[in-house]
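Close look at the chain arrangement
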Amino acid sequence: MNYFRQLVIAVLHPGSGSGSALDRTNGIAVFLFAILPGLSPNFNGFILLGSMLSGIYLLATARFPLNFSKSDRAVAICMTIYPLVMIASIFINPPYSEVADWIFRLLPFFSIWLILPRMRQSPDGRLVPLFILGAGIGMIVTFLVSLLQIMFLMERAEAGTSNAALLGIIGLLFGGVALLNVQSPRSVEQRIAILGYAAGLGCVLLSGTRSAWLAIPVHLVILLWYFRKHSFHRSLRSLAITGSLLFAGLIALGSGQIIHRIHALQENMAALERSEGEITSLSARVALYKGALSAISKDPLTGYGPQNRMASVLAELPDSMRPYLTFSHVHNGFLTAGIDAGVVGIAALSLLLLAPLIAAWKKEPGPGRDLSIALALLLTSSYIVTGSVGIMFNQKALDPIFAYMVALICLDRGSTVFAPVVRS
């Protein structure tokens with residue numbers, strides 16, 4: 001309990017000085033942003049919007065300068081091209097009845113211009129450890145909620161997301177981020193890191209999100225690369241024993257969900273081979289991909305605009321299938337971007353996904369750069385792997401998470417040394 005009292009002090013009372021009020025609100029915002037995705041992802045959008053509005057006011061009143069480095073500008077431009085391309089495609093392709101709604105949805109991708117200067121009012125090395133610690137705490141609580149849902153006979157856990165697939169992506173990403181805190185010299189933070197990672201994997205398993213399962217080995221490679229370069233404060237033997245026990249427990253707990261989802265996939269594949277026109281999760285995806293590729297080939301340059309996305313895909317499919325394909329996207333982020341804005345949209349999406357990697361790679365060599373690369377790889381791989389067969393962008397939770405994390409990756413210098421949140 002003493003640690004958590006110190007944690008409250010570290011978040012709410014970071015220090016004194018002219019920038020302490022901004023530093024305090026930065027710390028609270030970052031900490032809550034890391035905790036909330038699996039519990040109430042709408043609040044992540046509210047935090048981002050509030051930070052943007054605050055950034056506009058503070059920049060307009062000259063409370064601090066824009067203060068963008070050359071690499072910051074490169075990242076911000078990569079982030080901005082995507083929404084500008086999508087907005088252009090909206091105006092090129094009528095009708096215009098949903099223009100305001102779509103522009104509002106794209107606002108998170110402009111946020112780096114407003115929130116990064118504000119974040120820089122906090123000392124180097126303060127906010128990123130807060131985010132990593134918050135991710136671990138948030139995953140532990142989210143897993144407990146998910147476990148209760150499964151115990152009360154929900155087929156797939158959703159926690160507070162109202163979407164099992166969304167929980168799977170959040171558990172994958174934030175569980176991986178949480179484990180980075182194993183490098184902390186504080187034993188409490190190490191335990192939160194290990195439990196947070198296990199809880200994130202538990203959320204992935206209990207959600208039944210097969211696309212997130214595919215990304216787990218990718219994340220393991222990233223984490224092993226990072227930890228090979230940075231020594232553990234806890235012994236490898238202790239980590240191996242703790243990790244093995246947690247892993248065995250998670251497999252035992254999630255075995256029913258794993259077997260159920262594998263059987264469902266096998267049944268879907270068998271139905272696809274029978275070619276009897278049965279609509280399953282797999283056959284629906286195949287149909288959507290075929291419809292999307294056909295539509296893109298007819299208008300590869302400008303696309304159809306996001307407001308015409310599904311209408312243009314369904315127009316390429318048989319009438320008998322259309323009533324069963326009630327989706328808002330084609331379950332592949334690149335094809336969705338191609339439908340929305342043609343090959344230009346796919347190129348803009350690719351730049352957007354590269355933004356966190358550019359932000360990390362452009363830093364000077366040092367421990368801060370390694371940590372930023374690990375965060376960027378976890379973020380980009382999560383979105384690419386899961387988004388290739390499911391949700392990627394144009395989603396009220398995932399868009400703010402991506403934009404906010406890119407700003408955090410830009411934040412610290414490459415030479416910044418990782419420090420625990422509670423240092424005393």
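What this report covers is the structure whose coordinates are included nearby. Since we're looking at a predicted model, the values are computed, not measured. (Residues numbered from 1 in each chain as written. Predicted model: local features only at pLDDT ≥ 70, side-chain atom pairs only at ≥ 80, totals over all residues. Heavy atoms only, no water.)

In this section: helix H9 (residues 187–207). Relative to the 30 Å expected for 21 residues at 1.5 Å per residue, H9 spans 30 Å between its end C-alpha atoms, a close match to the ideal helical length. Taking burial as the measure, the 21 residues of H9 include 17 buried ones, the bulk of the element. Phi for Gly208, located one or two positions after H9, is positive at around 70 degrees. (Helix = DSSP H or I, 4+ residues; strand = E, 2+ residues; numbered from the N terminus. Expected span 1.5 Å × (residues − 1). Buried < 20%, exposed > 50% of the residue type's maximum accessible area, 1.4 Å probe, protein only.)

Looking now at the packing of helix H4 (residues 70–92) against helix H14 (residues 333–361). Following both chains from N to C, one finds H4 and H14 inclined at 165 degrees, their axes separated by 8 Å at the closest point. Between H4 and H14, the angle is such that the two are roughly antiparallel. When you trace H4 past H14, the crossing you get is left-handed. Within the contact between the two elements, H4 uses Val75, Cys78, Met79, Ile81, Tyr82, Val85, Met86 and Ser89 and H14 uses Ala337, Asp340, Ala341, Val344, Gly345, Ala348, Leu349, Leu351, Leu352, Ala355, Ile358 and Ala359. Across the contact of H4 with H14, the residue classes tally to 17 nonpolar, two polar and one charged. (Axes fitted to C-alpha atoms, helices over the stretch in contact; angles between N-to-C directions. Parallel < 35°, antiparallel > 145°, perpendicular 65-115°, else oblique. Left-handed = near helix turned anticlockwise from the far one by under 90°. Contact = heavy atoms within 4.5 Å. Nonpolar A, V, L, I, M, F, W, Y, C, P; charged D, E, K, R; others polar.)

Here the idea is plain: a probe the size of a water molecule rolls over the atoms and shows the empty space left. Evaluated as defined, the whole model comprises three cavities of 30 Å³ or more. By volume, the largest cavity amounts to about 110 Å³. Lining the largest cavity are 15 residues; nearest its centre among them are Val128, Gly368, Leu371, Asp412 and Thr416. At five residues, the largest contribution of residues to the lining of the largest cavity is made by helix H15 (residues 367–387). Residues of the lining of the largest cavity, tallied by class, amount to 10 nonpolar, four polar and one charged. Size it by volume and the second largest cavity reaches roughly 50 Å³. (1 Å grid on protein atoms, 1.4 Å probe; cavity = no way out; pocket = protein on both sides within 12 Å on 5 of 7 lines; lining within 4 Å. Points joined across faces, edges and corners; volume = space filled by probe spheres on them.)

With that out of the way, let us pick up the packing of aromatic side chains. Under the defined criterion, the tally for this structure stands at 13 aromatic pairs. The interplanar angle of 90 degrees and the centroid separation of 5.7 Å between the aromatic rings of Phe43 and Phe46 together place this pair among those described as edge-to-face. Of this pair, Phe43 and Phe46 both sit in helix H3 (residues 42–60), three residues apart, which is roughly one turn of the helix. The exposed category is assigned to Phe46, whose relative accessible area is 55%. On the basis of an interplanar angle of 85 degrees and a centroid distance of 5.1 Å, the ring pair of Phe393 and Phe402 is categorised as edge-to-face. Under the relative-accessibility criterion, Phe393 is labelled buried at 9%. Here a set of aromatic residues connected by ring pairs shows up, and it is made of Tyr82, Phe109, Tyr383, Phe393 and Phe402. (Phe/Tyr/Trp six-rings, centres within 6.5 Å; stacked < 30°, edge-to-face > 60°.)

Looking now at helix H12 (residues 281–298). Note that an α-helix has 3.6 residues per turn; residues three or four places apart therefore point the same way. The end-to-end C-alpha distance of H12, which contains 18 residues, comes to 26 Å, matching closely the 26 Å that a straight helix rising 1.5 Å per residue would cover. Listed in full, the buried residues belonging to H12 are Ser283, Ala284, Ala287, Leu288, Gly291, Ala292, Ala295 and Ile296.

This brings us to a nonpolar patch on the surface. On the surface, Leu49, Leu53, Ile56 and Phe104 cluster together into a nonpolar patch covering about 380 Å² of accessible area. If one sorts the elements of the nonpolar patch by residue count, H3 sits on top with three residues. Inspection of the secondary structure assignment puts Ile56 in helix H3. (Patch = residues over 30% accessible without salt bridge, like charges linked within 9 Å, V, L, I, M, F, W, Y side chains within 5 Å. Areas by Shrake-Rupley, 256 points an atom, 1.4 Å probe, with all protein chains shown as cover. Salt bridge = Lys/Arg side-chain N within 4 Å of Asp/Glu carboxyl O.)

A separate point is the nonpolar core. Formed by 109 residues in total, the largest nonpolar core has its most connected members in Met79, Leu180, Tyr383, Phe393 and Tyr404. A per-element tally of this core places helix H16 (residues 398–411) first, with 12 residues. Not counting residues up to four positions away in its chain, the partners in contact with Tyr383 are Leu173, Leu353, Ser388, Met392, Phe393, Leu398, Ile401 and Phe402. Listed in part, the 16 residues of the second largest apolar core include Ala287, Leu314, Leu335 and Ile339. (Core = buried A, V, L, I, M, F, W, Y, C linked by side-chain atoms within 4.5 Å.)

With that out of the way, let us pick up the side chain of Glu189. The topology assignment puts Glu189 in helix H9. Arg186 is the oppositely charged side chain nearest to the buried, salt-bridge-free Glu189, at an N-O distance of 5.9 Å. Residues in contact with Glu189, not counting those within four places in the same chain, are Tyr3, Leu133, Asn181, Ser184, Pro420, Val421 and Val422. (Lys, Arg positive; Asp, Glu negative; His and termini not counted.)

On to the side chain of Gln395, then. Position of Gln395 relative to the elements: it lies in the loop between H15 and H16. The class of Gln395 is buried, set by a relative accessible area of 15%. When residues no more than four places from it in sequence are discounted, the contact partners of Gln395 are Leu166 and Pro400.

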